[in-house]
Amino acid sequence: MKTLFKITALMLITSIYGFAQTSPDFEMDEKHIIYKENFTTNANTILVLNLKNTAAQVLESPDNKVYIEYTKEFNNTRKKRVQQQLKHLIVSGKKEGDKITYSAKTRNDIRFSVFEFDELMLERAEKKELLKGFKVQPIARKSLDSVLQDIKLSDFIYREKVLGAFKIKSRSPRYKKNMQFTITKMIIKIPKNVLVRATLENANIVFIDDFSNRATMNVRNSKLKFKSVGHPLNIFDVDNGYFRTKEVTSGTYSFANVKHVTIGQLSNTLINSEFTKVEIGEIGKNNKIVDFNSKYFIHNFHKDFGRLSLETDYTELNIFSPENIEYYLETYGYNTVHYKNGITTKIKSSGKSEPSKMMVIGKESYPNKIKINTTHGIIRFGEKTIDFGEDN
């Protein structure tokens, strides 16, 4: 049983990282074009994407057409195994009026998804560290460039964690002609004027170019990575998984049970979140966050960030104070603990649990304002580091 578990694990690792492989310097034995089509668009075109158990790269189209190409290449692979992989692919595309629909699914015979398996192994590894007496260390303020670098290397870092959970030594792919391997590529090119409606499940989607299309996305158990994303009418609903982007310029984004949301720069955005870990490199102009029971890490503020509003309940806020900026900060609520400069302030509720002003920093006349309305929370403020020892 243990041997079967390891074999299954290796199969899953191979499948999840196969998409990101670089091509070998020799010709593969077989190449199968699963789907290849292009569609003309206009200002009223809607692109509907339904992707399940698959991975894709999204780019900006060079013209007014949507281009979709899905291929699988096999090397030194038995015919029976090739046919088994191909028969599990369910792909379709069509255009009806101004609506283009593309669906791609890999039928999964395993009871759990690749994503769920990954997370199970990472959770086990983390629990082992805690049982060894692992101590939570203080965190240091990150520069915006540092957060952007984390986003750039996020796939590599995640891969290293998964391989480490399996005690597998990491190494770059070294292709040999006698090796058995598969390379899968799905490329979707979308013009800027096209409205995108996407339903993603157990998917790994990377947006190579800036994505400024208006979009509605329903995402489950998936990994999303953007260079930049934003449109005033964007509506994203993300449940479980990972969300990483160098920049969010506008829109409404909901996160529930997301393992890690990493945003380089945030501006003109509404975030609704619960049970999620969120890290923000820099707060830009006019943002609002509404949260329940999540962990937030805010490292920096733009010199003209305007207003940041936070409405939270049972939330852990870790905020590095704005540097070289005149700002006004106000916390309002009850049953909240504040940590600042080694001083702990506990604000309990009155008998009627009525909110009240808890902490004030700066002058209210300053143009940059941080307004925090919170109950049952923890707020830590730091300059260079934030220590977690005081409440552990």
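This is a predicted model, so every value here is computed, not measured.

Bringing the overall build of the protein chain into the picture now. Secondary structure assignment for the protein chain yields 5 helices and 27 strands. Classification of the 392 residues of the protein chain by burial places 47% in the buried group. Expressed as a percentage of contacts within the protein chain between residues at least 6 apart in sequence, the contacts between residues at least 24 apart total 54%.

A separate point is the packing of aromatic side chains. Counted according to the given criterion, the structure contains 13 aromatic pairs. Measuring from ring centre to ring centre gives 4.8 Å for phenylalanine 207 and phenylalanine 211, while their planes differ by 55°; the resulting arrangement is tilted. The pair phenylalanine 207 / phenylalanine 211 is uniform in exposure class, with both members buried. Look at phenylalanine 275 and phenylalanine 292: their rings are 5.5 Å apart centre to centre, the planes differ by 75°, and that puts the pair in the edge-to-face class. Separated by 17 residues along the polypeptide, phenylalanine 275 in the loop between strand S15 (269-274) and strand S16 (277-283) and phenylalanine 292 in strand S17 (residues 287-292) bring together distant segments of the chain. An aromatic cluster of three or more residues is present, and its members are Phe207, Phe211, Phe226, Phe236, Phe243, Tyr253 and Phe255.

This next bit is on a positive patch on the surface. A grouping of Arg78, Lys80, Arg81, Lys87, Lys105 and Arg107 is seen on the molecular surface, where their side chains present a positively charged patch. Examining the composition of the positive patch, we find that 3 residues originate from one element, helix H2 (residues 79-87), more than from any other.

Those residues of helix H4 (residues 144-152) that fall on the buried side of the exposure criterion are Leu144, Val147 and Ile151. Buried residues of H4, seen end-on, are gathered within an arc of 65° and therefore sit on one face of the element. Facing away from the buried side of H4 by more than 90 degrees, the exposed set consists of Asp145 and Lys152.

Mapped onto the elements, threonine 375 comes out in strand S25 (residues 368-375). Beyond its immediate sequence surroundings of up to four residues, threonine 375 is in contact with Thr312, Asp313, Tyr314, Tyr334, Asn335 and Thr336.

Right, let's get into the environment of valine 290. Considering the arrangement of structural elements, one finds valine 290 in strand S17. For valine 290, the contacting residues outside a window of four places in its chain are Leu270, Ile271, Asn272, Ser273 and Glu311.

In terms of nonpolar packing, the biggest core is built from 66 residues, with Tyr102, Ile188, Ile205, Phe236, Phe243, Phe301 and Ile370 touching the most fellow members. In terms of residue count, the dominant contributor to this core is strand S11 (residues 215-226) (5 residues).

The next thing to look at is empty space enclosed by the protein. Counting across every chain of the model gives 3 cavities of 30 Å³ or more. Each pocket or cavity is described by its volume, and for the largest cavity that value is around 60 Å³. Lining the largest cavity are Val58, Leu59, Glu60, Ile190, Lys192, Phe207, Asp209, Asp210, Phe211 and Asn213. Tallying contributions element by element places strand S3 (residues 55-60) first for the lining of the largest cavity, with 3 residues. Here the second largest cavity is characterised by a volume of approximately 40 Å³. What lines the second largest cavity is Ser154, Asp155, Asn204, Ile205, Lys223, Leu224, Lys225, Tyr242 and Arg244.

The next subject is the pairing of strand S22 (residues 336-340). The buried fraction of S22 is high, at 4 of 5 residues. Here S22 pairs with strand S23 (residues 343-347) via 5 bridges, running antiparallel. Within S23, the residue paired with lysine 340 across the bridge is isoleucine 343. What sits between S22 and S23 in their antiparallel hairpin is a turn of 2 residues, with asparagine 341 showing a positive phi close to 55°.

Turning next to the environment of lysine 277. Along the polypeptide, lysine 277 turns up in strand S16. Each C-alpha atom, one on lysine 277 and one on valine 261, is 6.1 Å from the other, the two residues being 16 residues apart in sequence. Other than its neighbours up to four places away in sequence, lysine 277 contacts Val258, Lys259, His260, Val261, Lys295 and Phe297.

All of the buried residues in H2 are Val82, Gln85 and Leu86. An end-on view of H2 places all buried positions within 95° of arc, on one side of the element. Away from its buried face by more than 90 degrees, H2 exposes Lys80 and Lys87. If you follow the buried residues of H2, they end up packed against strand S1 (30-40), strand S4 (65-75), strand S5 (89-96) and strand S8 (181-190).

In the structure shown here, the tally under the stated rule is 12 salt bridges. Between glutamate 279 and lysine 142 there is a salt bridge, with its nearest N and O atoms 3.0 Å apart. With a gap of 137 residues between them, glutamate 279 in strand S16 and lysine 142 in the loop between strand S7 (139-140) and H4 connect regions that are remote in the sequence. A residue is classified by how much of its surface remains accessible, and glutamate 279, at 8% relative accessible area, is buried. Between arginine 220 and aspartate 237 there is a salt bridge; the shortest N-O distance is 3.5 Å. Here the residue arginine 220 occupies a position in strand S11, and aspartate 237 occupies one in strand S12 (residues 235-248), the gap between them amounting to 17 residues. Looking at aspartate 237, the relative accessible area reads 31%, which means it is partly exposed. By sharing partners, the salt bridges in this structure join Arg141, Glu323 and Lys384 into a single network.

Reading the values: the criteria
- Residues numbered from 1 in each chain as written.
- Predicted model: local features only at pLDDT ≥ 70, side-chain atom pairs only at ≥ 80, totals over all residues.
- Heavy atoms only, no water.
- Helix = DSSP H or I, 4+ residues; strand = E, 2+ residues; numbered from the N terminus.
- Buried < 20%, exposed > 50% of the residue type's maximum accessible area, 1.4 Å probe, protein only.
- Contact = heavy atoms within 4.5 Å.
- Phe/Tyr/Trp six-rings, centres within 6.5 Å; stacked < 30°, edge-to-face > 60°.
- Patch = residues over 30% accessible without salt bridge, like charges linked within 9 Å, V, L, I, M, F, W, Y side chains within 5 Å.
- Areas by Shrake-Rupley, 256 points an atom, 1.4 Å probe, with all protein chains shown as cover.
- Salt bridge = Lys/Arg side-chain N within 4 Å of Asp/Glu carboxyl O.
- Lys, Arg positive; Asp, Glu negative; His and termini not counted.
- Charge placed at Lys NZ, Arg CZ, Asp CG, Glu CD.
- Arc of directions from axis to C-beta.
- Core = buried A, V, L, I, M, F, W, Y, C linked by side-chain atoms within 4.5 Å.
- 1 Å grid on protein atoms, 1.4 Å probe; cavity = no way out; pocket = protein on both sides within 12 Å on 5 of 7 lines; lining within 4 Å.
- Points joined across faces, edges and corners; volume = space filled by probe spheres on them.
- Pairing = 2+ DSSP bridges.

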